[in-house]
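Summary of the model geometry
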Amino acid sequence: MRTSEFDHVKERGHPARGKCMVLGALAVQGSGASRIGFVTGRRLGSAVVRNRVRRRLREIVRKHQHDLREDFWIVLIARRDAADASYLSLEDEWLRLAKRASILAL
RNA sequence: CGAUGGCAGAUGAUCGCUGGUGAACCGCAAGGUUCGCUGGAGGAAAGUCCGAACACCAUACGGCAGCAUGCCGCGUAAAAUACGCGGGCGCCGCGGUUGAAAAAUUGCGGUGACGGAGAGUGUCACAGAAAAGACACCGCCGGUUCUUUGAGAAAAGUGCAGGCAAGGGUGAAAAGGCGAGGUAAGAGCUCACCGCUCGCGAAGCAAUUCGCGAGGCACGAAAAACCCCAUGCGGUGCAAGACAAAACAGAGGAAGGGCAGCCGGCCCGCUAAAGAUCCUCGGGUAUAGUCGCAUCACGAUGCUGUAGCGGCGGUCUCUGACCGCCGAGACUUCAUCGGGCAUUCUGCGAAAGCUGGAUGAGAUAAAUGAUCAUCCCGGCUGAGAAAUAAGCCGGACAGAAUUCGGCUUAUCGCCAUCGAAAA
RNA sequence: GCGGGCAUAGCUUAAUGGUAAAGUUCCAGCCUUCCAAGCUGGCCAUGCGGGUUCGAUUCCCGUUGCCCGCU
């Protein structure tokens with residue numbers, strides 16, 4: 001994803017806010033499999049903390065990638081609490097937000 | 001406890017990420033899918049505090065300004081004030097020796113942004129008489145006026161004009177220290193010792209040290225105040241920069257000129273570039289592509305085969321242009337082998353070093369992860385005589401972004417070597 | 001990644017190396033029937049750690065946090 005695409009999703013998409021993350025999703029017709037981008041800003045902490053949060057989020061999305069619907073652009077922004085959250089709590093929140101944004105295939 | 005050096009949990013399984021590469025399949029092609037093989041964070045990758053490589057720039061040469069560095073020698077990629085090693089000197093701590101003490105001397109350890117305050121300007125609050133060419137508060141000293149006491153000698157007090165800086169007191173700091181002579185009292189006024197400055201000689205590459213002689217105290221602190229002296233520095237930084245290329249309209253060359261504007265922090269000059277003219281042509285602008293860039297400006301071989309060249313043939317608007325075939329083919333990419341470089345291991349060697357082996361991360365919203373098992377290290381609990389079984393907790397700081405060297409800072413613990421004195 | 005700047009009271013700003021100032025906020029009192037305004041008084045600070053100095057907000061070094069510019 002490019003910077004312009006991130007901005008596009010953040011402005012036009014429907015956000016779902018949680019304790020540790022903000023999920024932005026935008027339906028794009030005919031784009032094929034859904035694409036997802038992760039945002040881990042400097043407010044989370046040092047480079048080690050940012051990498052750890054991003055890797056955990058990527059692993060969570062990878063495990064549930066077959067449940068995702070197609071034709072979506074998704075931006076996942078980590079919030080400050082994500083730095084101290086465990087893997088399991090992040091996974092719970094991801095499933096809750098994804099259900100609310102109705103990007104899961106049933 | 002301190003100093004120095006080293007390590008930075010290990011192995012396996014399953015599912016993934018990213019670079020390279022091979023095969024098969026799909027596709028006209030660009031490319032895609034599947035299955036393999038193989039590489040994949042650090043001692044600080046960090047802070048960006050110095051320096052170098054590399055790249056670009058219309059001022060890079062000279063000067064001013066500015067910045068940096070500052071005892072001496074040697075070494076490091078050239079050099080250096082950086083860094084390392086060694087030395088000198090100062091300061092601090094501890095011990096030994098001499099001594100009544102003060103102190104001196106010596107040994108060990110630590111530490112120092114360690115040129116100049118004997119070029120100049122400025123600063124030194126409060127306190128204190130005075131804070132930098134000593135203008136003296138309390139004092140000390142002799143002379144003298146007056147008063148008092150006294151038979152007198154004289155003593156005390158007071159005023160005046162002087163001499164002195166020993167003692168007291170203030171302060172962070174008070175004008176060489178200490179002893180003797182000297183004196184009305186004093187004072188480097190004189191002398192010895194110590195310190196300081198200068199000169200000469202010796203040792204040392206040098207910083208500096210030692211010895212001799214002279215001066216006669218003139219020389220407070222602070223330059224991490226301005227400044228002076230010496231030395232060095234053009235600026236910008238891989239977001240440097242190069243190439244390909246859509247939107248869109250420009251770009252290149254030649255002559256001429258030394259003038260406007262733009263343009264280094266400033267000034268002067270030199271060189272180069274550039275606009276108005278002419279000529280020619282697809283020019284080359286993006287936060288997205290490729291390279292820079294992953295050990296190498298190395299050598300050899302091999303694969304692919306491009307620009308340009310030569311030959312033959314054909315076509316046309318025919319001294320030429322275009323197309324096709326053939327020939328030899330720079331340059332570049334990739335692969336293999338060899339070599340160099342860096343890191344590391346083993347062996348030999350007193351050391352320098354030598355033989356042999358292994359390894360060489362690389363993206364661009366940015367890879368190195370998740371789960372599980374076994375073992376390892378540390379701590380706690382603990383049946384038990386003990387070794388130990390078992391359980392629980394913990395394994396830090398921290399993540400490459402052009403590369404390299406140094407510095408600084410963060411860091412759970414473990415290992416090795418050394419340690420004078422005190423505690 | 002590279003380059004540059006800032007840090008003083010709860011907030012906004014001062015301060016030739018010598019007791020850290022002012023406005024505003026807050027608290028108390030006065031004034032007013034009450035509130036506001038006004039007047040008086042009080043509380044509160046040099047980001048942190050070292051160094052130079054007799055003495056640092058100031059000078060120097062390190063460190064932490066924040067801000068800005070460059071594709």
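Residues numbered from 1 in each chain as written. Chains lettered and ligands numbered in written order. Predicted model: local features only at pLDDT ≥ 70, side-chain atom pairs only at ≥ 80, totals over all residues. Heavy atoms only, no water.

1. Some thoughts on the nonpolar core
One finds L23, V53, L57, L76, L90, W94 and I103 to be the most contacted residues of the largest nonpolar core, which totals 27 residues. For this core, the elements supplying multiple residues, two or more each, are β2 (21-27), α2 (47-63), β4 (72-78) and α3 (87-100). Here this core takes five residues from α2, the largest share from any one element. If sequence neighbours within four positions are ignored, W94 has contacts with M21, L23, I36, I60, V61, H64, L68, L76 and I103. Among the nonpolar cores identified, the runner-up in size contains five residues, and V9, L26, W73 and V75 belong to it. (Core = buried A, V, L, I, M, F, W, Y, C linked by side-chain atoms within 4.5 Å. Buried < 20%, exposed > 50% of the residue type's maximum accessible area, 1.4 Å probe, protein only. Helix = DSSP H or I, 4+ residues; strand = E, 2+ residues; numbered from the N terminus. Contact = heavy atoms within 4.5 Å.)

2. Quick look at the confidence of the model for chain A
Scored by pLDDT, chain A comes out at a mean of 77, with 86% of its residues at no less than 70. The ipTM assigned to the predicted complex is 0.79, against a pTM of 0.74. (pLDDT = per-residue confidence, 0-100.)

3. Some thoughts on the environment of D67
Counting through the fold element by element, D67 comes out in the loop between α2 and β4. Along the sequence, D67 and A25 sit 42 residues apart, while their C-alpha atoms lie 15 Å from each other.

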